[in-house]
Amino acid sequence: MATAGPRCRQGGAAMASLAAAEPPAPRAASRSPALGPSRSGGERRSNAADAAQDTQSRSVDFDYIIALLGDSGSKDLEKEQLKTLKKVIKHFENGFPLKDVAQITDILNLCAERMCEQEAFTEPLCELIKLFGLPFQKRKSSDEANYSVEVSQSITHLAYLMSLESSQVRIQICKSVVNFFNTELPGKLLSGYQPTSPNYKIRMAEIGGLAEILVLSLKLVENQLTEKLWVLKALQHLSTSEESCEQMVHVQGASRLCLCLNGADPSGQLLFRSSDILWNLLEKASKEEVVYQLRSLECVHALKEAFLELVFGFRHCDHQLRNDLLVIATLLAESPAVPLIESGFAKILIVLATCTEVKLHNPLVKGFKLTYSYEDFEMKKLLFNIIAVLSKDPSAAQLLNESHVIPALLYYVKQNQRSGFPNWSAAQYEELQLHALAVLASVAPLLVDKYLSCHANTLLLAFLEWCMSQDTFFGGGNSFHGKGGRGTKIAQMRYSLRVLRSVVALYDDAVTNNLCDQGAISQLLDILKYAADKYKEKESIALLDIQADILFILSVLCEDDNDRKELFSCEGIGMLVSYLKMDPRKLCSDTGHNCLILSALDCLWSCVIGCFLAEESFIEKQGVFLLLDLLAIKDNNMCHIILGILVEFSDNPKTVLHMSIWKGKRGRTAANVLIQLWRQEEQDLGVKRDQYGKIVDTKRPLITSFQRQQKVIPLPASCPSFSINEVAESIRAKIYLLFCKLGFQNLPGLSAKDVATLAIIQHFIDFKIGEVWSEISAEIKEEFRPVTSDERTLKLISEVSEYTGRMVLGLQIEALERQHHQEIQEEKEIYKELQATQIKKEMINKSWKNFLAQTSNYEALKKAKMHQKTLIEASRSKAKIHDAPENSTDIPKLHTTNKKIQGKSRKISL
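Predicted, not measured: the structure shown is a model, and the values here were computed from it.

Definitions and limits used
Residues numbered from 1 in each chain as written. Predicted model: local features only at pLDDT ≥ 70, side-chain atom pairs only at ≥ 80, totals over all residues. Heavy atoms only, no water. Phe/Tyr/Trp six-rings, centres within 6.5 Å; stacked < 30°, edge-to-face > 60°. Helix = DSSP H or I, 4+ residues; strand = E, 2+ residues; numbered from the N terminus. Buried < 20%, exposed > 50% of the residue type's maximum accessible area, 1.4 Å probe, protein only. Lys NZ or Arg CZ within 6 Å of the ring centre and 35° of its normal. Core = buried A, V, L, I, M, F, W, Y, C linked by side-chain atoms within 4.5 Å. Axes fitted to C-alpha atoms, helices over the stretch in contact; angles between N-to-C directions. Parallel < 35°, antiparallel > 145°, perpendicular 65-115°, else oblique. Contact = heavy atoms within 4.5 Å. Nonpolar A, V, L, I, M, F, W, Y, C, P; charged D, E, K, R; others polar.

(A) Region of the structure containing the packing of aromatic side chains. Counted by the stated rule, this structure contains 15 aromatic pairs. The interplanar angle of 15° and the centroid separation of 5.2 Å between the aromatic rings of Phe618 and Phe649 together place this pair among those described as stacked. Residue Phe618 is found in helix α35 (residues 612-620), and its partner Phe649 is found in helix α37 (residues 636-649); the two are separated by 31 residues along the sequence. For Phe618, a relative accessible area of 0% gives the class buried. Grouped by ring-pair contacts, the aromatic residues Phe62, Phe92, Phe96, Phe132 and Phe136 constitute a single cluster. Between the NZ or CZ atom of Arg295 and the centre of the ring of Tyr292, over which it lies, the distance is 3.6 Å. The aromatic ring of Trp678 is capped on one face by Arg732, whose charged end is 5.9 Å from the ring centroid.

Quick look at the structure:
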């Protein structure tokens, strides 16, 4: 393998620093030009044709050339060396064969060593380097893979030559690297050879770590603008590869390139190429690592100075590059560790974002003027976006407040004009308006006092009123924030409500009182009805979001205030009932209906419960039935909140009555649904039960799998234990409370398994008390041994708890046995019915056979007739009634048949 590269007196130290980044491999043994490149002991030619094709390549005696260049001495020897190098360059003017790359690398390094001593070797060295920019040539398709190690190491050694203090050599190396990406083929090829694939050199450069070495070489060309620009151009091409970007980041490439932004360069290429490479690093390498490298104050200052220089530029390319740097600054702002505020960069960006809306004489923007071009429009949106990013950092609150961000954003809270606004078209203004509202939703919670002082609630409510009006304005719906609002003012309504939601979510009394004093509850109910009607006409996610946001705002406004709840109940309860009637199939969709129904339930809890008039109205509108219908769906997201609402409502006697008479699908009762939820919850918690639902562990019947895995951890008295926390986290306590209202006896529609489960529910509080005492006992014994009396008391409590478990288990067994006995009795009754049915069938069959016999056999008919008469006579009473009239049973002159048999007429009288 080739050596690591030359070390001349002038560039030895610099070269050593580069070589340290990639340890050089030892030089391989020279290969005989007569035998060609050897692999695994040598590759033999298979036929005479192959030998003829390789004649041209073998005409170069590499051993002789390497030996010649290795010698040093007289002037004549130098001339011979230069002459030989020119022959080599001429011979390979169309590119190097892959099999000769290792020997060419040796020649390259020897030539570089000679150049350190004699300037005359500079030109041949540059010519050799130039040939590396041409495609390599292969004789076989397998050559690319077979020589990959030699080629990648050759490119590495080529990069090490950047340590030579020769501007010409450095520029030529960069030109050759740029030519790696040139897909044009050379004019002529060696006989029997073909060029390698277009991406072969790029792939080998990635393996050889070319990008990493070039980034390190930036320090060598720090004060040479031309050389630096060529290095950046090469890196710009390499940065299109993810592997090369990772290599650059590995050697702190992001910070090194950022510091190049402010270099003196009249052409502007230095700033352009550096920013382009930074963009590629953020895109293709680890964004977190790149941001980490750019977090230094020095890098942020460099970015700020470069941005300011471009802000006051007048060229189209300046504006484009300015926006690129603004995107990079936005990515940096997402990391709290980046000193964007400390450097003053954040203040400049905020002032630029607000200077056109709030007329302030700030020296930071003196001379700044928007041209209202497309690039300026994009910059305006980027500046708005960076305000939203900064709002996530609490330390930026003071800066945002001082920069009058709230007034600037509220500038857009006004009705749109179809003709547009000065300098912006109608479509552009609408996009800026929606973007400003979205940013206001992020900033307003951070600056509540400023928000209220600017009368933002008043402006937003007036703006919402305009959104519901029959104005001729129609939204374009072209922007990201305008999605779903084309032809309407839905997008404006959506983001205005989002702003209100963001400030209301603070639960600040000043905000809620300010809204309620302006009649926000009635207005919001009108908007809710408007959005619901629009949604029936055409479904959209934007309308679902509007309804969910309004329900949340109403929940906060009406919470803990009966007067507001009564005001809500006038129109709001009817809306809530309509949401509870939603098709259950929609709850499983991904369109946001699940979020909407949860918002409706939250609103029900906050706006209805606690107000007698509102509760009565909700119950009269069959609200309890609707809640039980939703509960029967068994949606885990809703079970907790529905059960909580029912528990709150259960203090009203009408609620219990409605729960008692409710019937679901297949005749399910409320008790049956609650018991099934209990069983499902215990299954999810890992509570031990047998296949019939009976207790398995009588000592701790309610313990979950999580509690079984927990070790005994002594806790302070103020800290609740696992058993107490479980009461709040699971739904079992709520189900127990509901059964306390419904009762535990004479509940219809329960199976034996349901009755067994109900026995556990009935003693839930007893089991929970025993469980808590068990934890107390374990904690006491973990730290110290209790005295005899305390130990006896703890043991007694444990026995009582276990006795309760055994008693409940006995009740369960009794219920199951009763059910089993009942099933056996029912089976016997069914068997008797089957037996009677079979006997009846046999009698019918026998009767049918007799009938057939009578119709086909005269003797049988006579016999049947005699039997019939016998039965008739037997059925007559034997006692004679005195003085009773005698009635004849014969009907005179009635002849059913009239047939002569053997000359005699026979009459059958009935």
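(B) Looking closely at the nonpolar core. Among the nonpolar cores identified, the biggest contains 251 residues, and Leu125, Leu235, Leu281, Leu497, Leu627, Leu631 and Phe739 are the most heavily contacted of them. Among the elements that make up this core, the one with the highest residue count is helix α30 (residues 541-558) (13 residues).

(C) Representation of the packing of helix α14 (residues 242-250) against helix α16 (residues 269-284) in the model. Where α14 contacts α16, the axes come no closer than 9 Å and their chain directions differ by 105°. It follows from the interaxial angle that α14 and α16 lie roughly perpendicular. Between α14 and α16, the contacting residues are Glu242, Cys245, Glu246, Met248 and Val249 on the first element and Ile277, Asn280, Leu281 and Lys284 on the second. Along the lines of polarity and charge, the residues of the contact of α14 with α16 split into 5 nonpolar, 1 polar and 3 charged.

(D) Here's a closer look at unusual backbone geometry. With a phi angle near 60°, Gln252 is a residue other than glycine that sits in the positive phi range. At Gln622, a position not held by glycine, the phi torsion is positive, near 60°. Turning to its location among the elements, Gln622 is positioned in the loop between α35 and α36 (623-631). A relative accessible area of 45% places Gln622 in the partly exposed class.

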